[in-house]
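Here is what each chain is made of, one letter per residue.
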Amino acid sequence: MSSRPGAAWPLVAVFTAGYLASYLLPTVVGRLSAHLGLSPAQAGLVGSALLLSSAGAGFALAGRVERFGARTPARAGLVLAAVGYGSAALAGSVPLVVLGVMVGGFGSGTATAVAAAGIAARRDPHRTSSLGLLTVSATAGVLYLTIPHLGGGHRLPFAAIALVALLVWPATARLDGVRAAEETSSPVTGRLPHRRSGLVLAGGMLIWSMAQNALWGVSSRIGLDQAGLSEVTVGAVFAAALGAGLLGVTGAGLLGARLGRAVPIGLGTVVIAASIVLSSSARDLGSFATGEIMWNTVYPVVLSYLIGLAASLDVRGRWAVLAGSASSVGVACGPLLGSVLSEEAGYPAMGLILGAATLLVAAPVTAVALHTGGRPLVPGSVRRRGGAPAALLAATTGGGLSGAVPKLGSPEQAVTELRVRRRRLVRSAIRTAGPDGGSGQSNAYASTSDR
C-alpha cells in the first residue's frame, strides 16, 4: 500500500464504514430488544454475534491484505456489509436478522482490516487513525440525532450502516491496487516483530474494549430505565457525547507525539474508568450526560493512540490488524457482558467492576507504549541501538555531520534491509605478500574489493 499523503482519505472512508456498526451498537441492541421481542441479554447476544463475525474477518486477513492489494478486499467487505445489513433491515424474523448481521459484520471486519493495514503503512499512522475516528464519530453523531425522530424499528440502524457502505464504495477506486510486497524488500511471510509487546497490547486491547463496550452496549438502557430519560433525550446525549469525542480526537491529532503515547494512554484510561463509574450510577440527566460526554471525549483519544501504537510495531500492519481484531473480540463480548452484569448486579455494581478492569489493563498497555516501537529518541538510545553516541560523532566529524545525528525527541527512522550478494572466495584470491605486479596481498585485496 502506498504511503503517499494523497491516499489518506480513501482509507479514512473505508475505516468509517468498517467501524460504524460498533459505534451504533447501543441503538442497534436497544431496537432489537424493543421491536423484535428479544430480552436485553438476547439482544446483546445478537450484537456480540455481529462483532465476533467482524473480529473473525480481521483474524483471517491479518498479514494477507497486501497479498491481494487493498482495493479487492475493501470492495468485497463493503459489498458484504451492504448485503448483510440490508438483509437484516428487510428481515422480520430473528434468524434472518442474525444471519444478515453476521454477514454484515464479516464485511465490516474486512473493511476495517484493509484500513488498519493501510494506516500502518503511512508515515504518520496516528494522524490517519485520528482522522478516521473523527469521521466515524461525526457520522455516528449525525445518525444518533436523526434516527430517534424517524422511527423504523430495528430496520433503520441496519439500513443506515448499509447505506454508508454503499456511499464509501467509490472511494475504493483510489486505493492502491498493487501489492505492498512489490513496494518493499522484506518478505510478507517474515517474522512478526515485537512479539511479546504485540501480544501484551492485543490482550490489553481485548479487555479494554470489552469493558468499554459492556457499558456502551447498555448505555441507552441506563438512560431510559435508570435515569428516566426519553429515547430522543438519550439520542441527543449520545450525539453531544460523540461531538465531544470529535473535539477530543481533533486535539489528539494536533498533539501528535509531543507527549509520546504512554501519557495519553495511561492518563486517559484512568479518566475513562472514572467516567464508566459515573455514567453507570447516573439517576438523572446531569450525571448521565456528564459521564457519557466525559467518557466519549477521552475514549477515542486513547483508542487513536492504541491504534497508532499497534501500527508502529509492524509497518506491514500485521499487529495493527491483529490488535484491532482482538479489540473487536472484546467489543463483541462487551454487550453480552454488560447485559449479564446489569441484570445480575445492577448498573452501579456493573460500573465498578468495569472500571476496575479498565484500571488493571492500564499498567501493561502503558508499559508497552513506554518500551516499544515508535517511541522518541532519548539520550543514550543511539548508543543502545549499536551506533556511536552523538557527542562522539560530532567530535570525530568536526560537526560536519550534525544532520546525521537525531535530535532529542525526534522520531526513530525506519531501517531498510539490504540484500548483499555473496561471492565465492576463489583460490587465486589467497596469495602471499609480494611486490606490485606479483602475487602480492595488496593486489589480491584490490582484485576482491573491486568485484
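Residues numbered from 1 in each chain as written. Predicted model: local features only at pLDDT ≥ 70, side-chain atom pairs only at ≥ 80, totals over all residues. Heavy atoms only, no water.

- As recorded by an unreviewed UniProt entry, the protein chain carries the name MFS transporter and is attributed to Streptomyces badius.
- In the Subcellular location (unreviewed entry) part of its UniProt record, the protein chain is described as follows: "Membrane". (UniProt positions renumbered as here; feature names shortened; annotations may be inferred.)

1. Side note on the packing of aromatic side chains
Thinking step 1. Counted by the stated rule, this structure contains six aromatic pairs.
Thinking step 2. Aromatic side chains Phe15 and Tyr19 sit 4.5 Å apart centroid to centroid with 15° between the ring planes, which places their arrangement in the stacked category. With Phe15 and Tyr19 both in helix 1 (residues 8-23) and four residues apart, this pair spans about one turn of that helix. Each member of the pair, Phe15 together with Tyr19, is buried.
Thinking step 3. Ring geometry for Trp295 and Tyr299: centres 6.2 Å apart, planes at 55°, overall tilted. Placement of both Trp295 and Tyr299 in helix 12 (residues 285-312) is noted, with a separation of four residues, approximately one turn of the helix. Neither Trp295 nor Tyr299 differs from the other in exposure class; each is buried.
Thinking step 4. Among the aromatic residues, ring-to-ring pairing joins Tyr144, Phe238 and Phe288 into one connected group. (Phe/Tyr/Trp six-rings, centres within 6.5 Å; stacked < 30°, edge-to-face > 60°. Helix = DSSP H or I, 4+ residues; strand = E, 2+ residues; numbered from the N terminus. Buried < 20%, exposed > 50% of the residue type's maximum accessible area, 1.4 Å probe, protein only.)

2. Here's the deal with a nonpolar patch on the surface
Thinking step 1. A cluster of nonpolar side chains, namely Leu80, Leu96, Leu99, Val103 and Phe106, defines an oily patch on the protein surface of about 400 Å² accessible area.
Thinking step 2. Take the nonpolar patch: its biggest share by element is four residues, from helix 6 (residues 94-120).
Thinking step 3. Counting through the fold element by element, Leu96 comes out in helix 6.
Thinking step 4. With relative accessibility at 49%, the residue Leu96 sits in the partly exposed group. (Patch = residues over 30% accessible without salt bridge, like charges linked within 9 Å, V, L, I, M, F, W, Y side chains within 5 Å. Areas by Shrake-Rupley, 256 points an atom, 1.4 Å probe, with all protein chains shown as cover. Salt bridge = Lys/Arg side-chain N within 4 Å of Asp/Glu carboxyl O.)

3. Some details on the environment of His154
Thinking step 1. Here His154 lies in the loop between helix 7 (125-150) and helix 8 (155-168).
Thinking step 2. Assessed through its relative accessible area of 6%, His154 is described here as buried.
Thinking step 3. In sequence terms His154 and His35 are 119 residues apart; their C-alpha atoms lie 6.3 Å from each other.
Thinking step 4. Contacts of His154, omitting those with residues within four sequence positions, involve Arg31, Leu32, His35, Leu36, Ala88, Ala89, Ala91 and Val97.
Thinking step 5. Here Ala88 takes part through its backbone oxygen, which lies 3.4 Å from a polar atom of the side chain of His154.
Thinking step 6. In this structure the side chain of His154 is engaged in a polar contact, spanning 3.1 Å, whose partner is the backbone oxygen of Ala91. (Contact = heavy atoms within 4.5 Å. Polar contact = N/O pair within 3.5 Å; in protein donor to acceptor, adjacent residues only side chain to side chain.)

4. Quick notes on the nonpolar core
Thinking step 1. Core analysis: the biggest nonpolar cluster contains 100 residues, and Leu32, Phe158 and Leu201 have the highest contact counts within it.
Thinking step 2. Counting residues per element, this core draws most heavily on helix 12, which supplies 13 residues.
Thinking step 3. When neighbours within four sequence positions are excluded, Leu32 is seen to be in contact with Gly37, Leu38, Ala43, Val46, Val97, His154 and Phe158.
Thinking step 4. Residues Leu61, Ala116, Ala311 and Ala320 belong to the second largest nonpolar core, which totals eight residues. (Core = buried A, V, L, I, M, F, W, Y, C linked by side-chain atoms within 4.5 Å.)

5. Observations concerning the confidence of the model for the protein chain
Thinking step 1. Overall, the predicted model of the protein chain reaches an average pLDDT of 76, with 76% of residues at or above 70.
Thinking step 2. The spread of mean pLDDT over the elements of the protein chain runs between helix 16 (residues 390-397), the lowest at 34, and helix 8, the highest at 92.
Thinking step 3. Low pLDDT, under 50, characterises residues 373-417; the predicted model gives this stretch 34 contacts beyond four residues in sequence or across chains. (pLDDT = per-residue confidence, 0-100.)

6. A closer look at the packing of helix 10 (residues 231-255) against helix 12
Thinking step 1. Axis separation between helix 10 and helix 12 bottoms out at 7 Å; the angle between their running directions is 35°. Viewed along their axes, helix 10 and helix 12 form a crossing whose handedness is right-handed. Contact with helix 10, carried on its side by Thr233, Val237, Phe238, Ala240, Ala241, Leu242, Ala244, Gly245, Gly248, Val249, Ala252 and Leu255, involves Leu285, Phe288, Ala289, Glu292, Ile293, Asn296, Thr297, Pro300, Val301, Ser304 and Tyr305 of helix 12 and no other residues of that element.
Thinking step 2. Split by residue class, the contact of helix 10 with helix 12 holds 16 nonpolar, six polar and one charged. (Axes fitted to C-alpha atoms, helices over the stretch in contact; angles between N-to-C directions. Left-handed = near helix turned anticlockwise from the far one by under 90°. Nonpolar A, V, L, I, M, F, W, Y, C, P; charged D, E, K, R; others polar.)

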